[in-house]
Amino acid sequence: MNEKLKKILKTLLPIALGVFLVWYSYYKTSPEDRTQILFYIKEADLFWVSISILLGILGHISRAVRWNFLLEPLGYKPKIINNIFIILMAYFANLGIPRTGEILRATALTTYEGVPFEKGFGTIVTERVIDVIMLLSLIGITLLLQTDIILGFLQDKGFNIKGLLLLMGAGLVGLVFFFIFIKKSSHKIAIKIKGFVKGLMEGVFSIFKMKKKWAFVLHTLFIWGCYIGMLWVIKFTVPETIHLSLSQLMVAFVAGSFAMTATNGGIGLYPIAVSSALTIFGISAVSGDAFGWIMWIAQTLMIVVFGAISFLVLPLFNRSR
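Residues numbered from 1 in each chain as written. Predicted model: local features only at pLDDT ≥ 70, side-chain atom pairs only at ≥ 80, totals over all residues. Heavy atoms only, no water.

### Here's the deal with a nonpolar patch on the surface
Note the threshold: Candidates for patches are residues over 30% relative accessible area with no salt bridge; among them, like charges are joined within 9 Å and nonpolar side chains (Val, Leu, Ile, Met, Phe, Trp, Tyr) within 5 Å. To measure how exposed things are, a 1.4 Å probe is used in the Shrake-Rupley method; for residues, cover is taken only from the protein chains shown. The working definition used for a salt bridge is a side-chain nitrogen of Lys or Arg within 4 Å of a carboxyl oxygen of Asp or Glu. Helix and strand labels come from DSSP, where a helix needs a run of H or I of at least four residues and a strand needs a run of E of at least two; each type is numbered from the N terminus. Three exposure classes are used, based on accessible area relative to the maximum for each residue type with a 1.4 Å probe and protein chains only: buried under 20%, partly exposed in between, and exposed over 50%.
Taken together, the side chains of I297, L301, V305, F306 and I309 present a nonpolar region at the surface, about 390 Å² in accessible area. Looking at the element boundaries, V305 is found in helix α13 (residues 285-317). With a relative accessible area of 38%, V305 lands in the partly exposed category.

Dropping the structure here:
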């Protein structure tokens, strides 16, 4: 199989998986449940849906402002409005082909702001490193807040908790030995892994070298607060989920975050992941599916509408370039 065909298959696989999961989600529910889910979606309070979309927009604006904190030490200060358009375009592009948004984002920054591609792309990689760290931190906090519930759920499903803990312990020990081996090895793969880890660490520590590091940290917290808020307000659109606490919804947030990385924009998988997480707290499959679909539709609609507008407006706003 040649490289071009491999790349095409790699691109189409997440799309095909997403389409299959949409079909599976439809197929696994009874006609009565589908009718109820559609009823919840149609009757969703537009006020709370609009608040969710607004929080998403505020998060993207904050990300656009924060981006300049990474670019300023390199000698560049793009217009915030251009940053906003470019970021929205990138998210829109990622809905079609995963990870093309990052390349488009760096290219657009070069075209309209004169920032060299490699420098712009480096700041985007640093952003992604920070996002990964924030997500891992939220996963840790969620596990601490909901340890008893999650362990109880796993026991009910027949999982051996002691066995899982031993497996996790063995995994950590194995990971330590793996990194010791990688550190000493001169194999081609080991060198790549060391380079990747080094890049991650450099990305993290670069924050402390910038002039506006505390502003960067505050914007990072605000961005992720908006992401969590987007999901939290959606609970008011489904009667059965209104009573859920923030710590309970964090389980759904983490599940949804993993789903977003597995398929294009979480298509098909996001509602399933969120619904499965909510069943831990006694939420019915119908209400969980409705919650997941309302959330996914709201955030996807935001990206599609504002991303498409950004594609059209950015060149017009920068006619001189």
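After that view of the structure, there is still more to cover.
### Observations concerning the side chain of N318
How we decide: Polar contacts, as counted here, are pairs of nitrogen or oxygen atoms within 3.5 Å of one another; within protein the pair requires one atom able to donate a hydrogen and one able to accept it, and residues that are adjacent in sequence qualify only if both atoms are side-chain atoms.
Secondary-structure assignment places N318 in the segment after α13. Residue class for N318 comes out buried when judged on its relative accessible area of 5%. Within the structure, N318 has its side chain in polar contact with the side chain of N82 (distance 2.9 Å). A polar contact of 2.9 Å, which involves the side chain of N318, links it to the backbone oxygen of L314.

### Section: empty space enclosed by the protein
Quick note on the threshold: Lining residues are those with an atom within 4 Å of a point, where the points come from a 1 Å grid over the protein atoms alone and group into cavities, where a 1.4 Å probe fits but cannot get out, or pockets, open sets with protein on both sides within 12 Å along at least five of seven lines. Grid points are joined across faces, edges and corners, and a volume is the space filled by probe spheres set on the points. As a working rule, the residues Ala, Val, Leu, Ile, Met, Phe, Trp, Tyr, Cys and Pro are called nonpolar, Asp, Glu, Lys and Arg charged, and the rest polar, with Gly in that last group.
This structure, assessed with the given rule, holds one cavity of 30 Å³ or more. Taken as a whole, the largest cavity spans an internal volume of roughly 30 Å³. Residue lining of the largest cavity: A90, Y91, N94, G101, E102, R105 and R128, and that is the complete set. Mapped by element, the contributors of at least two residues to the lining of the largest cavity are α4 (80-96) and α5 (100-113). Grouping the constituent residues of the lining of the largest cavity by class yields two nonpolar, two polar and three charged.

### Points about α13
As a reminder, the rule being used: A helix is expected to span 1.5 Å for every residue after the first. One axis fitted to the seven residues ending at a residue, another fitted to the seven starting there: the angle between these axes is the bend at that residue.
The end-to-end C-alpha distance of α13, which contains 33 residues, comes to 46 Å, matching closely the 48 Å that a straight helix rising 1.5 Å per residue would cover. Along α13, the largest kink reaches about 30 degrees and is centred on F311; proline P315 follows within four residues of it.

### Examining the packing of aromatic side chains
To keep things clear, this is the line we draw: Between rings of Phe, Tyr and Trp, where Trp is taken as its six-membered ring, a pair exists when centres lie within 6.5 Å; planes separated by under 30 degrees are stacked, by over 60 edge-to-face, and by other angles tilted. Our definition puts a charge over a ring when NZ of Lys or CZ of Arg is within 6 Å of the ring centre and also within 35 degrees of the ring normal.
Throughout the structure, instances matching the rule amount to ten aromatic pairs. A ring pair is formed by F39 and Y40, whose centres lie 6.2 Å apart and whose planes are at 55 degrees; its orientation type is tilted. Accessibility expressed as a relative area gives 44% for F39, which makes it partly exposed. Pairing W232 with F236 gives two aromatic rings, centres 5.3 Å apart and planes at 90 degrees, and the pair type is edge-to-face. Residue class for W232 comes out partly exposed when judged on its relative accessible area of 31%. By relative accessible area, which is 25% here, F236 ends up partly exposed. Over the ring of W67 we find R105; its NZ or CZ atom is 4.1 Å from the centre of that ring.

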